[in-house]
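Take a look at the letters that make up each chain.
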Amino acid sequence: MSLSAFATAPAAGAIDTTRASGTDRLKVQQLSHAFRSADGVDVPIFERLDFSVKSGEIVSIVGRSGAGKSTLFNLVSGLIQPQSGHVSVGAREDGSAGRIAYMLQKDLLMPWRTVLQNAVLGIELYRKVKAADYERARQMLSRYGLGAVADAYPHSLSGGMRQRVALTRTLLVDPTLVLLDEPFSALDYETRLALEDDVMALREQSGTSVVLVTHDIEEAIAVSDRVILLGGRPARIEDDIDVRLTTHGPRTAVSAREAPEFRTFHSRVWNGLRSHTIQHAGATA
Ligand SMILES: Nc1ncnc2c1ncn2[C@@H]1O[C@H](COP(=O)(O)OP(=O)(O)OP(=O)(O)O)[C@@H](O)[C@H]1O
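Residues numbered from 1 in each chain as written. Predicted model: local features only at pLDDT ≥ 70, side-chain atom pairs only at ≥ 80, totals over all residues. Heavy atoms only, no water.

- As named in an unreviewed UniProt entry, the protein chain is ABC transporter ATP-binding protein, taken from Paraburkholderia caribensis.

And the structure:
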């Protein structure tokens, strides 16, 4: 049965985007959501889900296919309204409002715009782009090794370069929290490692919090401070793992994988994933 046969069940409570307290960049409280099947039955995806993400924290969410990871991002980013519960976005240190940016697996670059014009698109969606924005975009593109192609069109770029343009576009809106939904899954291994390093550098350079949805357990452990395991239906947090790795030198995508604790964390996540079968909302009983 196709997903188009379903509609979002009517909201009993609206999303509340008031500010989270303390150092929380994101606070999800008592979040409940269900999709309504074609025969009118509500299939609960989440029931009273609670979690938070601190300032500068990198959190990965793993779960079997259908666990509700993308739905959770859609709820957190406000693309869909929850039936009940609160999503609070933490303020910046100076007290101004925080901002969530959402980057999808597909880079969604516009082929008729140059790399630079694609990079500023996120800004353009909420205000006029200024000369200083173009300057900042060029600097960020250079930082990601894209300075020489700033005036080229996306078709001339490799998959990894395209994802970096998408990442630049996401970061140029100065988000306090970035949601990454399997952003690197279509890329080759080496490019993935480089982009994982980019995610870690992001936190180092600007204190941005990151929530990453991935099917790749290694990726989750390598980049994250915490790995949240979603399982069951309605989905619960089955495990919330503090990832502490002893690395030689700074933590990178490679040094993290070489840490002595890496395999132990890997087994914990893998065993947690194997213990859950998810019944899809579209599946007939
Ligand atoms: N618009 C919709 N209408 C009805 N059901 C939906 C809708 N979107 C998602 N679902 C159902 O909600 C459940 C969670 O879907 P979701 O896409 O969030 O899972 P996921 O964990 O991101 O899966 P994957 O890892 O395969 O991307 C699934 O059972 C799916 O069939």
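Having seen the structure, we can now continue with the description.
### Things to note about the sheet that holds strand β7 (residues 177–181)
Then step 1. Spatially, 6 strands are ordered β6-β7-β8-β4-β9-β10 in an open sheet, and the strand pairing comes out mixed. Pairing within the sheet leaves two strands with one partner each, and these edge strands are β6 (100–103) and β10 (236–242). Taken pair by pair, the neighbouring strands of this sheet meet at an average axis angle of 20 degrees, ignoring direction.
Then step 2. Pairing geometry for strand β4 (residues 58–63) and strand β8 (residues 209–213), over 4 bridges, is parallel. Opposite Val59, over in β8, you have Val211 as the bridge partner.
Then step 3. Each of β6 and β7 is contacted by helix α5 (residues 159–171), which is oriented at about 165 degrees to β6, the strand it contacts most.
Then step 4. Relative to β10, helix α9 (residues 262–274) is tilted by about 175 degrees, and along the sheet it contacts β4, β9 (226–231) and β10. (Pairing = 2+ DSSP bridges. Helix = DSSP H or I, 4+ residues; strand = E, 2+ residues; numbered from the N terminus. Axes fitted to C-alpha atoms, helices over the stretch in contact; angles between N-to-C directions. Contact = heavy atoms within 4.5 Å.)

### Some details on the packing of α5 against helix α6 (residues 189–206)
Then step 1. Contact geometry of α5 with α6 gives a least axis separation of 10 Å together with a crossing angle of 15 degrees. Taken together, α5 and α6 sit at an angle that is classed as roughly parallel. Seen from above, α5 lies across α6 with right-handed handedness. Where α5 approaches α6, its residues Gly160, Gln163, Arg164, Leu167 and Leu171 are matched on the opposing element by Thr191, Ala194, Leu195, Asp198 and Leu202. (Parallel < 35°, antiparallel > 145°, perpendicular 65-115°, else oblique. Left-handed = near helix turned anticlockwise from the far one by under 90°.)

### Examining the environment of Val213
Then step 1. Mapping Val213 onto the fold places it in strand β8.
Then step 2. Along the backbone, Val213 and Glu124 are 89 residues apart, and their C-alpha atoms lie at a distance of 26 Å.
Then step 3. Contact partners of Val213, with chain neighbours within four places excluded, come to Ile61, Lys69, Phe73, Leu180, Asp181, Glu182 and Pro183.

### Details of the nonpolar core
Then step 1. Counting 37 residues, the largest nonpolar core has Leu141, Leu167, Leu171 and Leu180 as the members making the most contacts within it.
Then step 2. Residue assignment for this core shows that the elements contributing at least two residues are β6, α2 (115–119), α4 (131–143), α5, β7, α6 and β8.
Then step 3. For this core, the leading source of residues is α6, giving 5 residues.
Then step 4. Not counting the four nearest positions on each side in its chain, Leu171 is found in contact with Met140, Tyr144, Val178 and Leu202. (Core = buried A, V, L, I, M, F, W, Y, C linked by side-chain atoms within 4.5 Å. Buried < 20%, exposed > 50% of the residue type's maximum accessible area, 1.4 Å probe, protein only.)

### Topic: the pairing of β10
Then step 1. In terms of strand pairing, β9 meets β10 through 6 bridges, oriented antiparallel. Paired with Val227 across the two strands is Ile241, which belongs to β10.
Then step 2. Taking the residues that link successive antiparallel strands as the turn, the β9-β10 hairpin has 4 residues, and the phi of Gly232 there is positive, at about 85 degrees.

### Notes on α4
Then step 1. Here α4 is 13 residues long and its end C-alpha atoms lie 19 Å apart, about the 18 Å a rise of 1.5 Å per residue gives.
Then step 2. On its buried side, α4 packs onto α2, α3 (121–124) and α5.
Then step 3. Count one or two residues on from α4 and you reach Gly145, which has phi positive near 75 degrees. (Expected span 1.5 Å × (residues − 1).)

### What about the side chain of His33?
Then step 1. Of note, His33 is situated in strand β2 (residues 24–36).
Then step 2. At a separation of 3.4 Å, a polar atom in the side chain of His33 contacts the main-chain carbonyl oxygen of Gln81. (Polar contact = N/O pair within 3.5 Å; in protein donor to acceptor, adjacent residues only side chain to side chain.)

### A short note on the pairing of β7
Then step 1. When you tally the buried positions in β7, you get 5 out of 5 residues, the bulk of the element.
Then step 2. Alternating residues of β7 divide into Leu177, Leu179 and Asp181 and Val178 and Leu180, and every residue in both groups is buried.
Then step 3. Here β6 pairs with β7 via 4 bridges, running parallel. Along β7, the bridge assignment pairs Ile100 with Leu177.
Then step 4. Crossover handedness for the path β7 to α6 to β8: right-handed. (Right-handed = clockwise from strand over helix to strand, strands pointing away.)

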